[in-house]
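Structural description and commentary
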Amino acid sequence: MTIFRGTFIDTPENPFNGGNLRVDSDTGLLVQDGLIVARGPFLEIRSAHPAEQIVDLTDGVVLPGFVDTHVHFPQIRAVGGLGLPLLEWLDRYALPEEARMADVSYATGVANEFVRGLAAAGTTSALVFGAHYSDAVDALFNAASGVGLRITSGLVLSDRLLRPELLTTPVRAYAESLALANRWHNVGRNRYAVTPRFSLSCTDDLLATCRELMDAIPGALFTSHVNENEAEIASVADLFGGADYVTTYDRHGLVDRRTVLAHNVHPTDVELKVLATSGATVAHCPTSNAALGSGLFPLSRHLQYGVRVALGSDVGAGTGFSLLKEGLQAYFCQQLLADQGRPLTAAHLLYLSTAAGAEALDLPHVGHLSVGQHFDAQLLRPADGSPLAVGLTHAEDTEEALARIFTLGTPADVQAVWINGTLLHP
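Every chain's residues receive numbers from 1 upward, in the order its sequence appears when written. For this predicted model, a pLDDT threshold of at least 70 governs which residues receive local features, and a threshold of 80 or more governs which side-chain atom pairs are given and counted, while totals over whole chains, interfaces and linings are taken from all residues. Just so you know, side-chain values use all the structure's heavy atoms and leave hydrogens and water out.

A look at the environment of Ala416
Spelled out, the test is: Every helix listed is a DSSP run of H or I at least four residues long, and every strand listed is a run of E at least two residues long, numbered separately from the N terminus. Burial classes: relative accessible area under 20% of the type maximum marks a residue as buried, over 50% as exposed, and values in between as partly exposed (1.4 Å probe, protein chains only). We call two residues contacting when some pair of their heavy atoms lies within 4.5 Å.
Structurally, Ala416 is set in strand S15 (residues 414-419). With relative accessibility at 13%, the residue Ala416 sits in the buried group. Between the C-alpha atom of Ala416 and that of Leu379, which follows or precedes it by 37 residues, the distance is 5.2 Å. Non-local contacts of Ala416, meaning those with residues more than four positions away in its chain, are made with Ala377, Gln378, Leu379 and Leu423.

Re the nonpolar core
The test is simple: Here the nonpolar core consists of buried residues drawn from Ala, Val, Leu, Ile, Met, Phe, Trp, Tyr and Cys, with membership extended through side-chain atoms lying within 4.5 Å.
The biggest cluster of nonpolar side chains holds 107 residues, and the ones touching the most others in it are Phe73, Phe114, Leu149, Tyr249 and Leu402. Per element, the largest residue contribution to this core is eight residues, and it comes from helix H4 (residues 134-147). In terms of nonpolar packing, the next biggest core, distinct from the first, is built from 13 residues, Leu29, Val31, Phe375 and Trp418 among them.

A few points about a nonpolar patch on the surface
Where we set the bar: Only residues whose relative accessible area exceeds 30% and that take part in no salt bridge are eligible for patches, with like-charged residues grouped when within 9 Å of each other and nonpolar side chains (Val, Leu, Ile, Met, Phe, Trp, Tyr) grouped when within 5 Å. Only the protein chains shown count as cover for residues, with accessible areas throughout obtained via the Shrake-Rupley method and a probe of 1.4 Å. Salt bridges are counted wherever a side-chain nitrogen of Lys or Arg sits within 4 Å of a carboxyl oxygen of Asp or Glu.
Where nonpolar side chains cluster on the molecular surface, the patch consists of Met1, Leu35 and Val37 and spans about 210 Å² of accessible area. On the secondary structure map, Met1 appears in the segment before strand S1 (2-10). Overall, the relative accessible area of 36% leaves Met1 in the partly exposed class.

A look at empty space enclosed by the protein
The criterion, for reference: Only protein atoms enter the calculation, which uses a 1 Å grid: trapped sets of points that fit a 1.4 Å probe without letting it out are cavities, open sets showing protein on both sides within 12 Å along at least five of seven lines are pockets, and any residue with an atom within 4 Å of a point is a lining residue. Grid points are joined across faces, edges and corners, and a volume is the space filled by probe spheres set on the points. Under the convention adopted here, Pro, Cys and the residues Ala, Val, Leu, Ile, Met, Phe, Trp and Tyr are nonpolar, Asp, Glu, Lys and Arg are charged, and Gly plus all remaining residues are polar.
In the structure shown here, the tally under the stated rule is one cavity of 30 Å³ or more. Its boundaries defined by the atoms lining it, the largest cavity holds a volume of some 110 Å³. Lining the largest cavity we find 14 residues, and of these His72, Leu86, Leu90, His225 and Glu228 sit closest to its centre. Ranked by residue count, the leading element in the lining of the largest cavity is helix H2 (residues 86-100), at three residues. Taken together, the residues of the lining of the largest cavity sort by class into six nonpolar, five polar and three charged.

Remarks on the packing of H4 against helix H5 (residues 170-184)
Quick reminder of the rule: Note on definitions: angles span 0 to 180 degrees between N-to-C directions of axes, and those axes are lines fitted to C-alpha atoms, for helices only across the stretch in contact. Oblique is the label for every angle not falling under 35 degrees (roughly parallel), over 145 degrees (roughly antiparallel), or within 65 to 115 degrees (roughly perpendicular). Handedness of a crossing follows from how the near helix is turned relative to the far one, being left-handed for an anticlockwise turn of less than a right angle and right-handed for a clockwise one.
Axis separation between H4 and H5 bottoms out at 11 Å; the angle between their running directions is 20 degrees. In terms of orientation, H4 lies roughly parallel with respect to H5. Between H4 and H5 lies a crossing whose hand is right-handed. On H5, the residues that touch Ser134, Val137, Asp138, Phe141, Asn142 and Ser145 of H4 are Glu176, Leu180, Arg183 and Trp184. Looking at the contact of H4 with H5, its residues break down into four nonpolar, three polar and three charged.

With respect to the pattern of salt bridges
Going through the model one piece at a time under the given rule, you end up with 17 salt bridges. Between Asp24 and Arg39 there is a salt bridge, and its shortest N-O distance comes to 2.8 Å. Residue Asp24 is found in strand S2 (residues 22-32), and its partner Arg39 is found in strand S3 (residues 35-41); the two are separated by 15 residues along the sequence. Classification of Asp24 by relative accessible area gives partly exposed; the value is 25%. Residue Asp59 is joined to Arg381 by a salt bridge in which the shortest nitrogen-to-oxygen separation is 3.0 Å. Linking Asp59 in strand S4 (residues 53-64) with Arg381 in the loop between strand S14 (377-380) and helix H15 (387-393), this pair joins segments that are 322 residues apart in sequence. On the basis of relative accessible area, Asp59 is assigned to the partly exposed category, the value being 48%.

Things to note about the packing of aromatic side chains
Put simply, the rule is: Here the aromatic set is Phe, Tyr and Trp, taking the six-membered ring for Trp, and pairing holds for ring centres within 6.5 Å; pairs whose planes are under 30 degrees apart are stacked, those over 60 apart are edge-to-face, and all others are tilted. Should the NZ of a Lys or the CZ of an Arg lie within 6 Å of a ring centre and within 35 degrees of the ring normal, that charge is described as sitting over the ring.
Counted according to the given criterion, the structure contains 10 aromatic pairs. A centroid spacing of 5.3 Å and a plane angle of 25 degrees characterise the contact between Phe141 and Trp184, whose relative ring orientation is stacked. With Phe141 in helix H4 and Trp184 in helix H5, this pair connects stretches of sequence that are 43 residues apart. Across the pair, Trp184 and Phe141 agree in class, each one buried. Sitting over the face of the ring of Tyr106, Arg77 holds its NZ or CZ atom 4.6 Å from the ring centroid.

As for helix H16 (residues 398-408)
Our working rule: The directions from the helix axis to the C-beta atoms are what the arc is built from. N or O atoms within 3.5 Å of each other form a polar contact, as long as, within protein, one can give a hydrogen and the other can take it, and as long as residues adjacent in sequence are counted only when both atoms are side-chain atoms.
Residues of H16 that are buried: Ala401, Leu402, Ile405 and Phe406. Mapping the buried residues of H16 onto a view down its axis gives an arc of 140 degrees, with all of them on the same face. Looking at the buried positions of H16, the neighbouring elements they touch are S1, S4, helix H12 (323-336), helix H13 (346-353), S14 and H15. For H16, the N-terminal cap is Asp397; the gap from its side-chain oxygen to the backbone nitrogen of Glu399 is 3.3 Å.

Points about the environment of Leu155
With respect to the helices and strands, Leu155 occurs in the loop between strand S7 (150-154) and strand S8 (156-157). In this structure, the C-alpha to C-alpha distance between Leu155 and Leu178, residues 23 residues apart in sequence, is 9.6 Å.

Some points on the sheet that holds S1
To be explicit about the condition: Strand pairing follows a simple DSSP-based rule, namely that at least 2 bridges must link the two strands.
One open sheet accounts for seven strands, arranged S3-S2-S1-S4-S14-S15-S16; its pairing is mixed. In this open sheet, the two strands that pair with only one neighbour each are S3 and strand S16 (422-423). Strand direction decides the pairing type here: S1 and S4, joined by six bridges, are parallel. Along S4, the bridge assignment pairs Thr7 with Val61.

Quick notes on the side chain of Ser300
By the secondary structure assignment, Ser300 is in helix H11 (residues 299-305). Residue Ser300 is classed as buried on the basis of its relative accessible area of 13%. One polar contact links the side chain of Ser300 to the main-chain amide nitrogen of Arg342, over a distance of 3.4 Å.

Shown next, in the form of structure tokens:
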């Protein structure tokens, strides 16, 4: 067993529903086989377990590991492609990179960069859009296993409108997806997600195949995109006889508790009601929405209907792996919406980055640092004299300190990351 000593900040209770930020200074967390088995004042924990090893983290702040609910593994080298809306950006920047994943050696290099980037940003769990090629998805799962991340991912499926080399057929999609799931689903920390790219690039036959895959892979998640860009939404309606975007998935039984749909910047009230009733989650990707000019996310409407929301970095339209940056951009977005926005505190931002994502990904034992949880955590310790270090020194209270972490923090401030109590070496 190991005693971790430090200041721990987390959100075990949803602050959107009245939960408070939990802050414990000079606290001890006793970890056995990766699980937190006791938590309390350090001196009490030490007195009860005098022979156990101590890891002293008192020179920083410990947060739960971040949970990223939407990020694209093939697009890390496309980050920074600015100046275009979604569909043009895909054609110019993202899809050429997606096509390069046919080269296994290239895909392997990207996969290694990707998982190291996630870990360095304090992300310990992620729902990852895989690649259109099975060998590239294998490379991702292999790389994630080597680092130790909790990754849920799968083969990306499309059968129309994209460049030809990215297209599949329903028969091939089923066979290749099931083979990948048989190799990786629930193996180590890996899980499988059925992943049609978006309805725009999927026929009804392919979406029906996705339902068959969900039935064939117990515990698999379902993820795709929805209502990101107004031109995209209009095209989807044309292709599906005027149906709204959520219905294109829901009529195939693909919207339920295991569903995570990215963006949802322009939902109808009917769609929000379906998402709420089904228990699906929306992955809010604020830097991507801003970079592509997709719009301002209507968080208040989602909350009013009871739709679950978590954060995603959406690399490569997103501007980096750090959920600190995404949290800050989410705050900006709600400020810009003025009386239509939902004012956010630092507690909200931490919750959206951690426990909300864990709930979305059906990871009940991560997301906060309570007894019975896995010790998935990160130590933030800014360099002496840095703006964040100065800000933390002069913060009036921990809420203000956490706000400054979200405002000024970067992956450079993440000094250590643990998953299941094991220190990562990305």
